[in-house]
Amino acid sequence: MINNGPRLRPDLEALPSYKAGQRPAPRSDITTFKISSNESHFAPLASVQDAIVAAATDINRYPDPFSSELVAAIAQHFEVPAEHIALGTGSVALCGQIIQSAAGPGDEIMYAWRSFESYPIWTGIAGAQSIQIPLKPDESHDLDAMLQAITPETRVIFVCSPNNPTGQIVDSVELEHFIAAVPSEIVIVLDEAYIEYVPPEKRSDSIRLYRENSNVVVLRTFSKAYGLAGLRVGFTISQEPITNALRKTALPFGVSSIAQAAAIASINAESELFERVSWVTKERNRVASELTAMGYQLNPSFANFVWLRLGTHSDVLHQALEQSGLSVRPFPGEGLRISIGETEANDRFIEVARQVASESGALR
Ligand SMILES: *Cc1c(COP(=O)(O)O)cnc(C)c1O
């Protein structure tokens, strides 16, 4: 008998792998910084650490499979029914569950491109087809083109605002018109992983949009503004049909008891956490205006990162940043995404960018 090894799905070969932000290699001469994954660089709050330590005494038991206390805390916080909340092991998992719940082979999943790299991966895993609609020249979603691209096979549309990695938001009036124009059997996901970094007057009223539309899912995470990326917890707000499907497709006991406790403690400490968010947005604006003054072209970012579309020149700046102990997220040939981190990291980024700009006229 010929042994060809295990028979796996051939289409998985064509799937891109998730490219996680790199950790910088340790150096003896300088402090290195990881500004490649849009994490919070702040250490967890003492109150959150205490909740984690307290929850650790119970980890011989499975977690509450319904995360009832956390669900209740989120429901109260957003003034929505608990029946409208689904939790996941990070909002990344919920992206996958949404696709699995609505689509299979032959169906289409639509999203802007470039956008969050989990969308094509989950789409491929489901055997569905990605419909990628190019961003407009100003890096914002081309909602008109997305409407035009809807077919009878369209099952899910992701709207990522602020968009990762470009940092642009979708205008709230345009979003409202878009949702009204999309057939109501198509699931619309509002991926708001970075919404806390957007000034309140520029945010869409996504909670109202989900209340008024049974096909709208609001997707949020504790990984960014709440600083719990390592614990893997995210949630959705949607009406019962979608929420029930997401609860069904969830990994059983996926959200650990420690993650549940930390998320509740973080909701309780929100005002403290949001002071950190406002520090980050000020730093982001400082970094962006320095870059603009040096001649870099960039659109305003509404998230905790900046995006430089340097095209083929990306490599030059990327190499220089790596050599200076700064690990950022490269999109080869396209651009660089740089997370806002410690003041020292941001200052060093500005200095390296300045040096590269003065040495290489091509960046301007
Ligand atoms: C970081 C991010 C998420 C959140 O991922 P988690 O799994 O919750 O850590 C979701 N969507 C986008 C666009 C992101 O950038």
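Residues numbered from 1 in each chain as written. Predicted model: local features only at pLDDT ≥ 70, side-chain atom pairs only at ≥ 80, totals over all residues. Heavy atoms only, no water.

(A) View of the pairing of strand β6 (residues 187–191). Burial analysis of β6 places five of its five residues in the buried class, which makes it a mostly covered element. Pairing between strand β5 (residues 154–160) and β6: five bridges, direction parallel. Across the sheet, the residue bridging to V156 is V187, located in β6. Note on the crossover from β5 through helix α6 (residues 172–181) to β6: the handedness is right-handed. Pairing between β6 and strand β7 (residues 216–221): four bridges, direction parallel. Across the sheet, the residue bridging to I188 is V216, located in β7. Handedness of the crossover is the feature at issue here: the chain leaves β6, passes through helix α7 (residues 206–212), returns alongside β7, and the resulting connection is right-handed. (Buried < 20%, exposed > 50% of the residue type's maximum accessible area, 1.4 Å probe, protein only. Helix = DSSP H or I, 4+ residues; strand = E, 2+ residues; numbered from the N terminus. Pairing = 2+ DSSP bridges. Right-handed = clockwise from strand over helix to strand, strands pointing away.)

(B) Broad picture of the domain arrangement of the protein chain. Annotation of the protein chain at the domain level lists domain 1 (19–44 + 271–363) and domain 2 (46–268). Look at where the C-alpha atoms of domain 1 and domain 2 centre, and you get two points 26 Å apart. Each side of the interface is counted separately: domain 1 has 25 residues, and domain 2 has 28 residues. Between domain 1 and domain 2 the total buried area reaches about 2300 Å² when both faces are included, carbon and sulfur atoms providing 57% of it. Of all residues in domain 1, P44, L273 and F302 bury the most surface against domain 2, accounting for 28% of the area lost on that side. Where domain 1 packs against domain 2, one counts three salt bridges. Here E334 and R114 are joined by a salt bridge, their closest N and O atoms 3.0 Å apart. Between domain 1 and domain 2 we count 12 residue pairs in polar contact (both at pLDDT 80 or more) in total. Of all the secondary structure elements, the ones that give two or more residues to the side of domain 1 that touches domain 2 are α10 (270–293), β9 (305–308) and β11 (329–331). Here the element with the most residues in the side of domain 1 that touches domain 2 is α10; it accounts for six residues. (Domains from an automatic or database assignment. Contact = heavy atoms within 4.5 Å. Buried area = accessible area lost by both parts, 1.4 Å probe. Salt bridge = Lys/Arg side-chain N within 4 Å of Asp/Glu carboxyl O. Polar contact = N/O pair within 3.5 Å; in protein donor to acceptor, adjacent residues only side chain to side chain.)

(C) Highlighting the side chain of D107. Mapped onto the secondary structure, D107 falls in the loop between α3 (91–102) and β3 (108–113). For D107, the side chain forms a polar contact with the side chain of R155, separated by 3.3 Å. Look past the residues within four positions of D107 in its chain and what remains in contact with it is A102, A128, Q129, E153 and R155.

(D) View of the sheet that holds β3. Read from one edge of the open sheet, seven strands run β2-β8-β7-β6-β5-β3-β4, paired in mixed fashion. The sheet is open, and its two edges are formed by β2 (85–88) and β4 (129–134), each paired on a single side. Ignoring which end each strand starts from, the neighbouring axes of this sheet average 25° apart. Here helix α2 (residues 68–78) sits on the sheet in contact with β2, β7 and β8 (234–237), set at roughly 130° to β2. Sheet contacts for helix α4 (residues 118–125): β3, β4, β5 and β6; angle to β3, the most-contacted strand, approximately 165°. (Axes fitted to C-alpha atoms, helices over the stretch in contact; angles between N-to-C directions.)

(E) Structural detail: the pairing of β9. Residues F305 and W307 line one face of β9 and the alternating positions V306 and L308 line the opposite face, and both faces are buried. One ladder, built from four bridges, connects β9 with strand β12 (residues 335–339); its direction is antiparallel. Bridge pairing in β12 links V306 to I338.

(F) Just the nonpolar core, in detail. Core analysis: the largest hydrophobic core is formed by 82 residues, its most contacted members being F222, L291, Y296, L317 and F349. With seven residues, helix α12 (residues 343–359) is the single largest residue contributor to this core. Composition of this core by domain shows at least three residues from each of domain 1 (19–44 + 271–363) and domain 2 (46–268). Setting aside its immediate chain neighbours within four residues, F222 contacts L70, I74, G227, L228, A229, V233, G234, F235, A263 and I267. One finds A103, Y111, A128 and V187 within the second-largest nonpolar core, a separate group that totals 21 residues. (Core = buried A, V, L, I, M, F, W, Y, C linked by side-chain atoms within 4.5 Å.)

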